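# Fold and contact review
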Amino acid sequence: MKKFAVILTAFVMALFVVSCGGGSDDPADSGDTDTNEEKPADTDTDTSDSDTGSETPDTATDTTPETDTDSDETDTTPEDPTDTDTDTTPVDGNCTEGETRLGETVCGSTQHGKLYQVCKDGDWEDTEKCTCDPGEYPEVCGYYGQKMWFTSSSKVATIDLAEGWTRTYFHIVQEQEQDKVHIKATYCNIKIDNSMSALLQVIMPQSFADALGTADKESYITKNDDGTFGFDQDVFWEIRGIDPACYGDNPAGYNLPTNSADPCVQDWDNDGMPGLTVNAKGTIGGNSIMNMVEKSSSVIHDGLISEDGLKIDALVTWTDEQKILFAENKALQGGSDNKIKDESSKFDGPANFIEQVKIEDGSDCAFIVNNAATIFSPDPVNLK
């Protein structure tokens, strides 16, 4: 009987497939729609997007003209200050000294950018900051869809239990200052699966992705010896379900709490429960819920930009740590140790990567999710 309990516990731990990019049911499976809501204030210090700093809800000052009434924009994501898709000219008039907004003056070496404006002495004046100035580098300004794929192993002690996969779709808006790329990455949808999903599978609902909101990231372009251009991003930290004031500018050194009553724990998905809520199913998991907090990091490296700037491919290195604050099924309380797998036992090719594709300016998360099959290459594994 004891031996059976040990085996049962081992299978249970296979559940916690990495959610470094998050995890949720695919909209095609659950009918979830894109309702991205900005999460509580977060202090971004990067991540890939596998990013740099702690991922946080977008706290950037909104510089979009307040008169933007673009009727074509259907994205429910919080308004993005870098969004240059506008059908109306900024209205002059009284303004607050030092306030900024996006103007209408065309700029940049490709003439695809707009100058920001600043309020000075009650009037709007153009600044020298342009949203798109690639210079001698490939142009990567504007809107992109991104697929991030992680492959993991879940362990209890030293025993490998399962191979897991996380697929995350992002809505990306990029501004460019030659080799520097300023990114706003909005979580659209997350789905996870593992090789033992019939026994136990964790599902991160759409509310999980929505709670993560939009993250500010920065990447950089490098010139390669062969004439191609690379795309990289330094470490980006994400501390989820935690008050950003608790870790400040040191997310890497922060220790996740295990007590749901800890004052640092926040209800990011606004469901009345601490942290973020995920669901479990399967023979062992049953139909139960868990509340968790999470600490993850990611680095984008060995990237390659296409000559026309319409596609970016890169590898990702990541870490992930989860703490379970509450588990309806007590067998799931212990959590799992998730580690990156550099190679998959189920498919050939890169096991951890991003695929980023240019889409029409003004497109939203719903467009990316609904057209993922034509935007991106097929998934390495067919996620259930």
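Considering all chains together, one arrives at seven aromatic pairs under this definition. An angle of 85° between the planes, with centres 6.4 Å apart, marks the rings of tryptophan 149 and phenylalanine 347 as edge-to-face. One end of the pair, tryptophan 149, is in strand E6 (residues 142-156); the other, phenylalanine 347, is in the loop between strand E15 (337-340) and strand E16 (353-358), and 198 residues separate them in sequence. Judged by its relative accessible area of 10%, phenylalanine 347 falls in the buried class. With centroids separated by 4.5 Å and ring planes inclined at 55°, the aromatic side chains of phenylalanine 170 and tyrosine 187 adopt a geometry described as tilted. Here tyrosine 187 lies in strand E8 (residues 180-194) and phenylalanine 170 lies in strand E7 (residues 159-177), a separation of 17 residues in the sequence. With respect to burial, phenylalanine 170 and tyrosine 187 carry one shared label: buried. Between lysine 223 and the ring centre of tyrosine 137, over which it is positioned, the NZ or CZ distance is 5.2 Å.

Okay, unusual backbone geometry next. The phi torsion at glutamine 111 lies on the positive side, around 60°, for a residue other than glycine. For glutamine 111, the position within the fold is in the loop between strand E2 (100-107) and strand E3 (113-120). At asparagine 270, a residue that is not glycine, the phi angle is positive and equals roughly 55°. Inspection of the secondary structure assignment puts asparagine 270 in the loop between strand E11 (229-240) and strand E12 (276-281). When its relative accessible area of 61% is taken as the criterion, asparagine 270 is described as exposed.

Counting 39 residues, the largest nonpolar core has Phe208 and Met290 as its most contacted members. Among the elements of the structure, E6, E7, E8, helix H3 (206-212), E11, E12, strand E13 (288-305) and strand E14 (311-327) are those that each provide at least two residues to this core.

Our next topic: the pairing of strand E4 (residues 123-130). With five bridges connecting them, E3 and E4 associate as antiparallel partners. Across the sheet, the residue bridging to glutamine 117 is aspartate 126, located in E4. Hairpin connection between E3 and E4: a loop of two residues separates the two successive antiparallel strands, and aspartate 121 in this loop has a positive phi of roughly 55°.

This part covers the sheet that holds E2. Pairing is antiparallel across the open sheet formed by three strands, whose spatial order is E2-E3-E4. The sheet terminates laterally at E2 and E4, the two strands that pair on one side only. Averaged over all adjacent pairs, the angle separating strand axes in this sheet is 45°, with direction ignored.

The rules we used
Residues numbered from 1 in each chain as written. Predicted model: local features only at pLDDT ≥ 70, side-chain atom pairs only at ≥ 80, totals over all residues. Heavy atoms only, no water. Phe/Tyr/Trp six-rings, centres within 6.5 Å; stacked < 30°, edge-to-face > 60°. Helix = DSSP H or I, 4+ residues; strand = E, 2+ residues; numbered from the N terminus. Buried < 20%, exposed > 50% of the residue type's maximum accessible area, 1.4 Å probe, protein only. Lys NZ or Arg CZ within 6 Å of the ring centre and 35° of its normal. Core = buried A, V, L, I, M, F, W, Y, C linked by side-chain atoms within 4.5 Å. Pairing = 2+ DSSP bridges. Axes fitted to C-alpha atoms, helices over the stretch in contact; angles between N-to-C directions.

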